[in-house]
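In case you want the letters, here they are:
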Amino acid sequence: MSGADLSWMRVTVEGGGKPSLERVRRFRLEVVEGQSAGLSWESSGSQCQIGAHPSNDLVLADSTVSRFHCEVRVEPDGPWVRDLGSRNGTQLDGVAVREGLLREGSLLRVGSALVRLTLRPDEATLALSEHGQFGSLLGSSVVMRAAFARLEKVAGAAATVLLEGETGTGKGAAAEAIHQQSPRKDQPFVVVDCSALSPALLESELFGHEKGAFTSAEARRIGAFEEASGGTLFLDEIGELSADLQPKLLRVLEGRTIRRVGSNKQIPVDVRVIAATNRDLRAEVNAGRFRPDLYFRLAVLRITLPALRQRLEDVPAIARGLLGALGASREQIAAICSPERLERLTHAAWPGNVRELRNVLERALVFDEADPEADAPGGATAGPGPDGMLAAAAPGLAAAPIDARIPFADARRRALDAFERGYVQELLRLHQGHTVQAAQSAGINRVYLYRLARKHGVKPT
């Protein structure tokens, strides 16, 4: 069978009329020059990671090759190579690239090694989820249902999970859905944003402290690991963890015991850890900013959530779902999601992903604008996050002062910010600062509530 006889990716239907399998063109990588000359590797899936560390698919024992040097991933238009922040870079057919499309016979220069790509006539089979939803995440596209299939599998496991993906792709929603579909679903789900606190405060947040451990420690505090006992601890923005805290977290993950700040007592903890980052931690390891041993402890089960631009066919369903979660009426949903407007939304770039789409739709609803294009997609990325939203947005906006001397977009943004700030302050006051109860009461995700509080300088307990 010739190479032209097969597309790079195709979906097959096996009973029931619903796509159930993704078939991906297989490829072979052979080292034709360098210390590992003669070594070869054949794909059984859609990607190959190349580097010097033994955990890679194609391991090159070469001092000029970085731990995680580059990866080859099959996309609908063919195989792409992406450099992973390697020390010596990656060349494709003699040209240095960060990312590039390969063809039959392409040569990759990886350090001093030269690797040739050969296409195979057969295919590998990847399972797709039967569902178009995982928790609050929506998507019937092939790429999203492939991610759902992996998320469904890891939900039932006890191993640590690393969720990767751009900002706004729904990593927080995925983490909570994993917990809700796991055997630990009746136990606590605790969220810690590693980017929200200084290293000293974050250590106390994670591990707790004893009374008098430092100047402001007026009482003993139970940390997130103890609070999540029996359940799940979600470490958001793990890529922001300071160098001082990385070995301390590693010891906890290895020994499953914690030590409160100011104490010498080791306390056992039974916690499943899910971590998320919008950084590529492999590149952070190469750059020396992230410990490789901690990376391997976190990336036991590694899942990447696709960007919205990779699944634009999901935009109409996501838009209707977001508007429904906002409490929009059928008439409002029909007006905002008219065929003409959905067509424009589906062709937007969405650099802020689902977060940006949600922001645009919420403002269209709050300010009674039928056309979400009043806030051009791709322009505004601040505001509501991807993991949850306010149950109702309109009440209270009328009380915000209006200054017609400033541009309309600025006035509208100020009004929405004032509403968010006031709502979060009142919500936390009503629940004595307890974010878990507050988020449940408001019908929003706890990760999103943390982000709203941080955005507006409101301090939860």
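Our structure is the block above this text.
What you see is a predicted model, and the numbers here were worked out from it, not measured in a lab. (Residues numbered from 1 in each chain as written. Predicted model: local features only at pLDDT ≥ 70, side-chain atom pairs only at ≥ 80, totals over all residues. Heavy atoms only, no water.)

1. Structural notes on the pairing of strand S15 (residues 161-164)
Stage number 1. The alternating pattern of S15 places Val-161 and Leu-163 on one face and Leu-162 and Glu-164 on the opposite face, and all of these are buried.
Stage number 2. Of the pairings in the sheet, the one linking S15 to strand S20 (residues 272-277) comprises 4 bridges and is parallel in character. Bridge assignment links Val-161 to a residue of S20, and that residue is Ile-274.
Stage number 3. Of the strand pairs in this sheet, S15 and strand S21 (residues 301-304) are connected by 4 bridges, and their pairing is parallel. Bridge pairing links Leu-162 to Arg-302 in S21. (Buried < 20%, exposed > 50% of the residue type's maximum accessible area, 1.4 Å probe, protein only. Helix = DSSP H or I, 4+ residues; strand = E, 2+ residues; numbered from the N terminus. Pairing = 2+ DSSP bridges.)

2. Re the nonpolar core
Stage number 1. The biggest cluster of nonpolar side chains holds 34 residues, and the ones touching the most others in it are Phe-225, Leu-233, Leu-235 and Ile-238.
Stage number 2. Breaking this core down by element, the ones donating at least two residues are strand S16 (189-193), helix H3 (199-207), helix H4 (224-227), strand S17 (232-236), helix H5 (246-255), S20, helix H6 (281-286) and helix H7 (292-298).
Stage number 3. Ranked by residue count, the leading element in this core is H5, at 4 residues.
Stage number 4. Aside from chain neighbours lying at most four places away, what touches Ile-238 is Leu-162, Cys-194, Leu-249, Ala-275, Ala-276, Thr-277, Leu-281, Phe-290 and Leu-298. (Core = buried A, V, L, I, M, F, W, Y, C linked by side-chain atoms within 4.5 Å. Contact = heavy atoms within 4.5 Å.)

3. Considering the state of the cysteines
Stage number 1. Overall, the coordinates contain 0 disulfides when judged by the stated rule.
Stage number 2. Residue Cys-48 stays outside any disulfide, its sulfur separated by 8.0 Å from that of Cys-70, the closest cysteine.
Stage number 3. What makes Cys-48 buried here is its relative accessible area of 1%. (Disulfide = S-S within 2.5 Å.)

4. Quick look at the environment of Val-252
Stage number 1. For Val-252, the location among the structural elements is in helix H5.
Stage number 2. Residue Val-252 is classed as buried on the basis of its relative accessible area of 6%.
Stage number 3. Residues Val-252 and Pro-268 lie 16 residues apart in sequence; the distance between their C-alpha atoms is 9.2 Å.
Stage number 4. Beyond its immediate stretch of four places on either side in the chain, Val-252 contacts Phe-207, Phe-225, Thr-257 and Ile-258.

5. So, the packing of aromatic side chains
Stage number 1. All told, the structure shown has 8 aromatic pairs when counted by the stated rule.
Stage number 2. Summarising the aromatic geometry, the rings of Phe-27 and Trp-41 are spaced 5.9 Å apart at their centres and angled 55 degrees between planes, so their arrangement reads as tilted. On the criterion of sequence distance, the pair formed by Phe-27 in strand S2 (residues 19-33) and Trp-41 in strand S3 (residues 40-42) is long-range, its members being 14 residues apart.
Stage number 3. Their ring planes at 65 degrees and their centres at 5.4 Å tell us that Tyr-295 and Phe-296 sit as a pair that is edge-to-face.
Stage number 4. Through pairs of rings, three or more aromatic residues link up here, namely Phe-68, Tyr-295 and Phe-296. (Phe/Tyr/Trp six-rings, centres within 6.5 Å; stacked < 30°, edge-to-face > 60°.)

6. Looking at the pairing of strand S4 (residues 47-51)
Stage number 1. Among the 5 residues in S4, 4 count as buried, and that is most of the element.
Stage number 2. Across 4 bridges, the pairing between S4 and strand S6 (residues 70-75) is antiparallel. Counterpart to Cys-48 in the pairing with S6 is Val-72.
Stage number 3. Examined bridge by bridge, S4 and strand S5 (residues 58-59) share 2 bridges and lie parallel to one another. Its bridge partner lying in S5, Ile-50 is registered against Leu-58.

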